[in-house]
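A closer look at the structure
Read off the chains here:
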Amino acid sequence: MLGNSMNSLVTQVKRHYWEYCCSPKKNGITGLSFSAISRILVMLNKAIFLKSALRNKINLYLVLLEINDNIIYESLKRNYTKSTKYLSLSTLIEREVISNILFHYFMRAKKTEFGIKVFEEFTATDPDNKMNWRGMLDLAYYINDEKRVSKYYKQYIDFKKKQAISDAIDIENNIYLSEYFTCSIGHLSIIVNYALIMQMENNGNSGSIFISLANAKIANQSILDSIKNTFKNIQYVNEEDIKQTYYTKKYENPFAYKIKLNNQWCNWYEVRHLVYKKSGLANLNGLLKIPDKCKDDGLRFMQSFGFSKEDWFVSMHIRERNDGSFRNSKINNYIEAICEITRKGGWVVRIGGNDSIPLPRMKNVIDYSQFSEQSHFLDTYFLAECFFSIQTTSGPANIPVLYGKPTIQADCFPIRHTVQCYKDIFIPKLIYSKKLKRILNFSEVFRSAISSSEISNMTDDDDLSVVNNSSVEILEACKEMLTALESNTDESLSPSQIRFNDISRANNVTIFPKISKYFIESHKHLIE
């Protein structure tokens, strides 16, 4: 009972401390208070539990409350990294949980360099723990340190190749994927990239993609089944197949953003356009087929609101988490676009988590995000059967193109992470520099790490911030998409759109979707 109370107390202190770490204005007195409280809790915790920290995650939480990085580092080295006792007394799953806790702490507290240092120690002493590799790779990736990402990834591949020889596993031709690639919709689309590249490069060889379903969180079983049914070399590994499940989890790629093309490990966002162009996805040649049950369930659901078979709808997903990411947007900026769609006779279905900010009641608008019970079949239907989709930079943005549906990519950040489709329209977030006291032009953006860093507010450098798209910019992009789909012709690019494309190519960036004509005309000074 006392242990549960202590756990609850620690959780509260830890939550408030993370909020303090993420605050743009740090207060020295607050920091000292947290430090003092954490030290007192450490002593109380030791007195109450009188057991090794190796088996007690609460101690780890308390260690993380310390302000001084050196104290944390020495404690980690003493209790975790250098301890053979730790490795012998703990299970691999327990160690993966601890490494995952550490990773999120380093993310929240903006301690990327310190976190990389810790995970370098961890991978040296506990290399079988894939969360150590993932933490080290992700932290380096989030601060756009491509040199270290490539270095660490090579170390991981070399380590796995040695293991594969002893296990007689073919990791050159086969791909092993586990919960990391099934837990989010965005990562499901990366499975498609793997499968397409395997088709392009294996030339009929018998390579397979093994996907473990054992204890896996499946973001959308319907989409995953569509992928498996499209690519015959994808095999599910069920929990009953203990040996294959073990190998699938052991050899899973711990880093989603590296993909092998032409026998080289490349950044996913730098080669995706090549894969989409060769496969026809860039031209909306629908690759996946929607299951009949999805169509039937989806239509019945829509008809219950008054929708008919002759009607059309637009699906919408706006990322609005409270996690400090530059990818987040504001749903209120999309209301004018919603009204334009319904004025034209269409419907709008907004998808997302239950924690999304509710939309106001509007005719022909279904705020599916507010439904307590949601279905994978319905999510698939909304993304696969829509007239077009409106998305921000988040996992669901990668799905409509797989079913041959165009997308407006609004509030796009980072700019290199557009979905590579010629029929799409995108509007990037603008980047503001406090030091320069102005918006960066697009040449400066493409040359900056912020053009590819997924969460660039990870660092303590508060110079750069993002400017969300205005409601007018989103509305005008919506009008451009409606006009293009109604005329069913490819409108020629304006001189400003051509100039933007020239700037991106000059910086070795390939972007297939059109930048919104209204947006780039409104910001012509950024391409001059």
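Preceding block: the structure.
Thresholds, definitions, all that
Residues numbered from 1 in each chain as written. Predicted model: local features only at pLDDT ≥ 70, side-chain atom pairs only at ≥ 80, totals over all residues. Heavy atoms only, no water. Phe/Tyr/Trp six-rings, centres within 6.5 Å; stacked < 30°, edge-to-face > 60°. Buried < 20%, exposed > 50% of the residue type's maximum accessible area, 1.4 Å probe, protein only. Helix = DSSP H or I, 4+ residues; strand = E, 2+ residues; numbered from the N terminus. Lys NZ or Arg CZ within 6 Å of the ring centre and 35° of its normal. Salt bridge = Lys/Arg side-chain N within 4 Å of Asp/Glu carboxyl O.

All right, on to the packing of aromatic side chains then. Under the criterion given, the structure shown has 38 aromatic pairs. Ring plane angle 45 degrees and centroid distance 6.4 Å describe the contact between Tyr-247 and Tyr-251, whose orientation is recorded as tilted. For Tyr-247, a relative accessible area of 12% gives the class buried. Overall, Tyr-251 belongs to the buried group, its relative accessible area being 7%. Their ring planes at 75 degrees and their centres at 5.7 Å tell us that Phe-326 and Phe-413 sit as a pair that is edge-to-face. With Phe-326 in the loop between strand S6 (313-317) and helix H15 (335-343) and Phe-413 in the loop between strand S10 (407-412) and strand S11 (425-428), this pair connects stretches of sequence that are 87 residues apart. Taken together, the aromatic side chains of Trp-133, Tyr-141, Tyr-142, Tyr-153, Tyr-156, Phe-159, Phe-255, Tyr-257, Trp-265 and Trp-268 make up a single cluster linked through ring pairs. Directly above the ring of Tyr-180 sits Arg-134, whose terminal nitrogen or CZ lies 3.7 Å from the centroid. A cation over a ring is seen here: Lys-228 above Tyr-236, with NZ or CZ 5.2 Å from the ring centre.

Quick look at the pattern of salt bridges now. One pass over the full model with this rule turns up 21 salt bridges. A salt bridge links Arg-134 to Glu-252, with the nearest nitrogen and oxygen atoms 3.7 Å apart. Pair noted here: Arg-134 is in helix H8 (residues 130-142) and Glu-252 is in the loop between helix H12 (242-250) and strand S4 (258-261), with a separation of 118 residues, a long-range link. With a shortest N-O distance of 2.5 Å, Glu-320 and Arg-350 are connected by a salt bridge. Of the two residues, Glu-320 sits in the loop between S6 and H15 while Arg-350 sits in strand S7 (residues 347-351), which places them 30 residues apart along the sequence. The pair formed by Glu-320 and Arg-350 is uniform in burial state, with each residue classed as buried. One salt-bridge network, in which partners are shared between bridges, spans Lys-130, Arg-134, Glu-179, Lys-249 and Glu-252.

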